[in-house]
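Architecture and fold: a report
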Amino acid sequence: MTALSVIDISRNFEGVQALDHVSFEVAPGERRLIIGPNGAGKTTLFNILAGSYAASDGRVALFGRDITGLPTYARARLGLSRTFQITNLFYRLTVLENILLALQAGRGAASPVLRLLQQDRTLIARADALLEQWELSELAKHAAQDISYGQQRQLDILLAMAVEPKVLLLDEPTAGLSAAEVPRVLTILRSLPRDTTVLMIEHDMDVAFELADRITVLHQGRLLAEGNVEAIRNNPQVAEIYLGID
Amino acid sequence: MTFWLVQALNGISYGVLLFLLASGLSLIFGVMKILNLTHGSFYLLGGYFGLVVLQETGSFILAVLGASLAIALIGVIIERFFLRRFHLQQLPQVLVTFGFLFIFSDIATVIWGANPQTMPRPELFAGSLQFAGFYYPTYRLFIIGFGLCVATFLWWLQDGTRVGAMLRASVDNEEIARALGINVSLLFTLVFGLGAFLAALGGVMGGPILGVYPGADFEVLLLGFVVVIIGGLGSLKGALVGGLAVGLLDNFGKVFFPELALFTIFAPMALILAIRPAGLFGRE
Amino acid sequence: MSAAGASSSVKSRGSAALLLTILVLAVLPYLLSTYYLGLVIEILIFALFAMSLDLLIGYTGMASLGYAAYFGVAAYAVGLLAMKLHWSVWLALPAALIIVGLVATLFGLLALRTRGSYFLMITLALSQVAWGIAFGWRSLTGGDDGLPNIPRPELAADWPLAGDRSFYFFILLLVGVGVLLLAHVVTSPFGFALRGIRESETRMQALGYNVWRYKLAAFIVAAVFAGLAGALYAYYNRFVSPDYLGVFRSAEVLLMVILGGAGTLIGPAIGAAVIVLLENVISAYTERWLIVIGTIYILVALFAPDGIVGFVRDFHARRAKS
């Protein structure tokens, strides 16, 4: 069964066709890179997959289940997680609290029933462990707004990972990072569990080719090409749309 | 038949006053994203200033222009010195505009007392016109005509002039507008002044039929809110349609269900919220 | 610099201050005259009122303009039940809270269709509808004249709280319970989620939280605590009028929250004390209380948007740096 099915997705905004009958399927555990020049519709696609807005046409299925009409939080509960192109954190809360909120959601404390117990100690232990694993422990008590941009970007990804998703949508994880900061994020991305399906939008071709199992190329809202790294690297059309812009 | 026509005209003339108020509110929000709670004060002070000018000069035209310009100036000062620094920060804007609402409310009571005052109609429109077999106050007809002229003018300003284009550019993307050399800050200040002008205009024009009294600021602010909730915040069309709708509903409501006055406004508001929360013409 | 996480010394200082406050409050009725004791009662009631609004504004990030509606609805409910149906406080108070909860659910369902400025307008409009009913439905509410002669609560047939001291302890107990519950809500996982919503609704959605449901729950919970404050105020004043629901009441409580410091719970309590005392002092000299309130609004916006608590925190932080 496919992890994620994108079926004939179209979206137009006041006359502009942002996406035009895009279809593809992602196998469980696959690392699928979505690439394409600016304006190709990549982030629009992600927003539709995540449920931030609706497609004008077409359907999306998660492990066979139609999620087209579901709101974002319902998709998240079904195991679809995402990061944001513009870092989206709980800025005035500490790094630890950011992770805790993610863990709390995953535990089904997402129902607004008042619990009689205070903050779960096991939750805090798990959060501490995660921060250890990602080497961010010394930042635990810092407010998210006070850490560096690179660290914020890491945290953005880690929040999406903390809920142990089945399908993870990564929206330009290396955006805005300096050359020195990219390896750190790469390590995190490489360490993603193999049973997590990953879709990633990426502009950095080196990162894309390194991480990908398969690549989907979008151009002006349409699916231009799809294949493994070799196939895409050698695809003349792909080269043209990129070289044409450069 | 006559009864319905008279009530409808009453509702429409009242609705036009509400449009004047709401258009300013909507304009300020649409352009600067400020929910101007002081707007009620602009209406109130417009009425009182108009009264003063009228009493001093006897000229209705001077009262209308003088009061509206004076209030516009007050608006410009408030925007420049108290609101500009809080660009796009909702809570401080609420605090400032709320604060001025209360300050002006009390100052007005101090200066003009707690009793309602009446404003005489301008002589030219003091009588009644006869048509369709009944008499109807000329002044109310004048208000309707005047309001529609203002609506047309605002429309032209928004869609047909360079200033309007600059405004729309500033709303869509402020950074780019500035980069293009548009003096966005000045534009915003002028818009705020225009909004205040429109509110004051409503206050003076409304004086002869509604009177000028303490508490009008809160009453009218609330009605203004209902108008933009129904019509959509930031839309001129919405302010007009909403204004007329609220004016008619309020009027007929008072006639048929005097004890449930607020319900006739509450019901359509609740309906809009249920069906189209952004208002009839509001942007999502 | 850390924005959260008090060090243990601050925490123990906080507990000591709390204990001291409770002791002082318990002893006051033996030290103060009726007049001053009445002031303390007002401060306690408005502290609860303001703290409940803080749950909405400070913790969830939902600024609301018509908050007094819930204060007033509960006050009227308690007044009417006590006077027309002769219900004892054991029945009337819970009933009033249920009524407020229902009204808040209705208003919340409507208002939460919107956010931001629309939400501000609608909360004000809804509270004005409530005010309009209180003002217009004379046969029920007495209209502008209000409901006079509400009896003081009787805990039992032979235990009326007619005396000032016993009534004071009644208020102190209920406000104390209310504050404790609020503090509990705020420190619970639910309260934690509310803070997440305040910081980023979209992230909370992406993590799987049904944000709308949380906001509605916060709306209703806050309203019920406001209702408790309102009901107690009705018992204290022995009188309810449309003012309880009015714009001005909403403006006052909002100012208490902002002046004290939103998002801190203790801040709004301080704000309540300041405003109640200030009003008492100022109204002895002038009727121009509206101008004072308006001016404080503007001054707070300009100079202390984080309120008194925020100001003190910044002061300490700057001292720690040097």
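Residues numbered from 1 in each chain as written. Chains lettered and ligands numbered in written order. Predicted model: local features only at pLDDT ≥ 70, side-chain atom pairs only at ≥ 80, totals over all residues.

Points about the overall build of chain A
Helix and strand counts for chain A stand at nine helices and 10 strands. For chain A, the spread of C-alpha atoms along the principal axes amounts to about 55 × 40 × 35 Å. The buried share of chain A, reckoned over its 246 residues, is 41%. For chain A, contacts bridging at least 24 residues in sequence account for 69% of all contacts bridging at least 6. (Helix = DSSP H or I, 4+ residues; strand = E, 2+ residues; numbered from the N terminus. Buried ≥ 20, exposed ≤ 12 C-beta atoms within 10 Å, placed from the backbone. Contact = placed C-beta atoms within 7 Å.)

A look at the overall build of chain C
Looking only at helices and strands, one finds 14 helices and two strands in chain C. Taken against the 2.2 N^0.38 rule, which gives 20 Å for 322 residues, the C-alpha radius of gyration of chain C at 20 Å falls within 12% of a compact globule. Across its three principal axes, chain C shows a C-alpha extent of roughly 60 × 50 × 40 Å. Here chain C holds 322 residues, and the buried ones make up 54% of them. (Rg over C-alpha atoms; globule rule 2.2 N^0.38 Å.)

Considerations on helix H2 (residues 39–57) of chain B
Here H2(B) is 19 residues long and its end C-alpha atoms lie 26 Å apart, about the 27 Å a rise of 1.5 Å per residue gives. Of the residues trailing H2(B), Gly58(B) is marked for its positive phi of about 75°. (Expected span 1.5 Å × (residues − 1).)

Notes on the confidence of the model for chain C
Residue and element names in this part refer to chain C. Looking at chain C, the pLDDT average stands at 90 and 94% of residues meet or exceed 70. When pLDDT is averaged over each helix and strand of chain C, the minimum, 68, is found for strand S2 (residues 159–160) and the maximum, 96, for helix H10 (residues 211–237). Within the model, pLDDT remains below 50 along residues 1–5, and this stretch shows 15 contacts once partners closer than five positions in the same chain are excluded. Here the predicted complex scores 0.91 on pTM and 0.90 on ipTM. (pLDDT = per-residue confidence, 0-100.)

Topic: the packing of H2(B) against helix H4 (residues 90–112) of chain B
All names here are of chain B. Here H2 crosses H4 at 20°, and the two axes come no closer than 9 Å. Regarding the angle of H2 to H4, the classification is roughly parallel. The handedness of the crossing between H2 and H4 comes out as left-handed. In this structure, H2 contributes Gly40, Ser41, Leu44, Leu45 and Tyr48 to the contact, and H4 contributes Phe100, Leu101, Phe104, Ser105, Ala108 and Trp112. A per-class count over the contact of H2 with H4 returns eight nonpolar, three polar and no charged. (Axes fitted to C-alpha atoms, helices over the stretch in contact; angles between N-to-C directions. Parallel < 35°, antiparallel > 145°, perpendicular 65-115°, else oblique. Left-handed = near helix turned anticlockwise from the far one by under 90°. Nonpolar A, V, L, I, M, F, W, Y, C, P; charged D, E, K, R; others polar.)

Considerations on the sheet that holds strand S9 (residues 214–219) of chain A
Residues and elements named next belong to chain A. Sheet architecture is open: six strands sit in the order S6-S7-S8-S3-S9-S10, paired in mixed fashion. Looking at the sheet topology across the chains shown, the edges are occupied by strand S6 (80–82) and strand S10 (222–228). Strand-to-strand, the axes of this sheet are offset by a mean angle of 15°, without reference to chain direction. Those strands touched by helix H1 (residues 42–50) are strand S3 (31–35), S6, strand S7 (167–171), strand S8 (197–201) and S9, and its axis lies near 145° from that of S7. (Pairing = 2+ DSSP bridges.)

Quick word on the interface of chain B and chain C
Tallying the contact residues gives 31 residues for chain B and 30 residues for chain C. If you list the elements that add at least two residues to the side of chain B that touches chain C, you get H4, helix H9 (216–231) and helix H11 (263–275) of chain B. Of all the elements, H4(B) adds the most residues to the side of chain B that touches chain C, at 14 residues.

Describing the packing of helix H3 (residues 68–84) of chain C against H10(C)
Helix packing for two helices is described by the angle between their axes and how far apart those axes are. Residue and element names in this part refer to chain C. In contact at an axis separation of 7 Å, H3 and H10 are set at 50° when each is read in the N-to-C sense. One element, H3, and the other, H10, form an angle in the oblique class. By crossing handedness, the relation of H3 to H10 is classed as right-handed. Residues Tyr70, Phe71, Gly72, Val73, Ala74, Ala75, Val78 and Gly79 of H3 pack against Ala223, Ala226, Gly227, Leu228, Ala229, Gly230, Ala231, Tyr233, Ala234 and Tyr235 of H10. Taken together, the residues that form the contact of H3 with H10 break down as 14 nonpolar, four polar and no charged.

Things to note about unusual backbone geometry
With the exception of glycine, the majority of residues adopt a negative phi angle, and the majority of peptide bonds are in the trans configuration. All names here are of chain A. Positive phi values are uncommon outside glycine, yet glutamate 164 reaches one of about 50°. Mapped onto the secondary structure, glutamate 164 falls in the loop between helix H5 (149–162) and S7. Backbone geometry places glutamate 172, a non-glycine residue, at a positive phi of 50°. You can see glutamate 172 is positioned in the loop between S7 and helix H6 (182–190).

Observations regarding the interface of chain C and chain A
In this assembly, 28 residues from chain C lie in contact with 32 residues from chain A. Mapped onto the side of chain C that touches chain A, the elements with two or more residues apiece are helix H7 (164–187), helix H8 (189–199), helix H9 (201–207) and H10 of chain C. The dominant element in the side of chain C that touches chain A, judged by the number of residues it contributes, is H8(C), at seven residues. Its residues assigned to classes, the side of chain C that touches chain A shows 14 nonpolar, 10 polar and four charged.

Some thoughts on the sheet that holds strand S5 (residues 65–66) of chain A
All names here are of chain A. Pairing is antiparallel in the open sheet, where four strands are placed in the order S2-S1-S4-S5. Lying at the two open borders of the sheet, with one neighbouring strand each, are strand S2 (16–26) and S5. As paired elements, strand S4 (residues 57–62) and S5 share two bridges and run antiparallel to each other. When the sheet's bridge partners are listed, leucine 62 is paired in S5 with arginine 65.

Some thoughts on the nonpolar core
Buried together is how nonpolar side chains tend to be arranged in soluble globular proteins. Grouped together as the largest cluster of nonpolar side chains are 283 residues, with contacts concentrated most on Ala200(B), Ala74(C) and Val78(C). Per element, the largest residue contribution to this core is 18 residues, and it comes from H10(C). Not counting chain neighbours up to four residues away, the residues in contact with Val78(C) comprise Ala92(C), Leu93(C), Ala96(C), Ala231(C), Ala234(C) and Tyr235(C). (Core = buried A, V, L, I, M, F, W, Y, C linked by C-beta atoms within 7 Å.)

Here we look at helix H14 (residues 307–321) of chain C
Since one α-helical turn is 3.6 residues long, residues separated by three or four positions face the same way. With 15 residues, H14(C) ought to run about 21 Å at 1.5 Å a step, and its terminal C-alpha atoms sit 21 Å apart, in line with that. Listed as buried for H14(C) are Gly307(C), Ile308(C) and Val309(C).

Details of the environment of Val31(B)
All names here are of chain B. Inspection of the secondary structure puts valine 31 in helix H1 (residues 2–32). When the 22 C-beta atoms within 10 Å are taken as the criterion, valine 31 is described as buried. For valine 31 and valine 171, which are 140 residues apart along the polypeptide, the C-alpha to C-alpha distance reads 5.5 Å. Contacts of valine 31, omitting those with residues within four sequence positions, involve Leu167, Ser170, Val171, Phe188 and Val191.

Remarks on the confidence of the model for chain A
With 93% of its residues at a pLDDT of at least 70, chain A reaches an overall mean of 87. Every residue in residues 109–118 of chain A scores below 50 in pLDDT, and together they form 16 contacts with partners more than four places removed in sequence or on other chains.

Quick notes on the pairing of S7(A)
Residues and elements named next belong to chain A. For S7, a buried count of five out of five residues is recorded, marking the element as mostly surrounded by other parts of the structure. A two-sided burial pattern is seen for S7, the buried positions comprising Val167, Leu169 and Asp171 on one face and Leu168 and Leu170 on the other. Note that S6 and S7 share three bridges and pair parallel. Within S7, the residue paired with leucine 80 across the bridge is valine 167.

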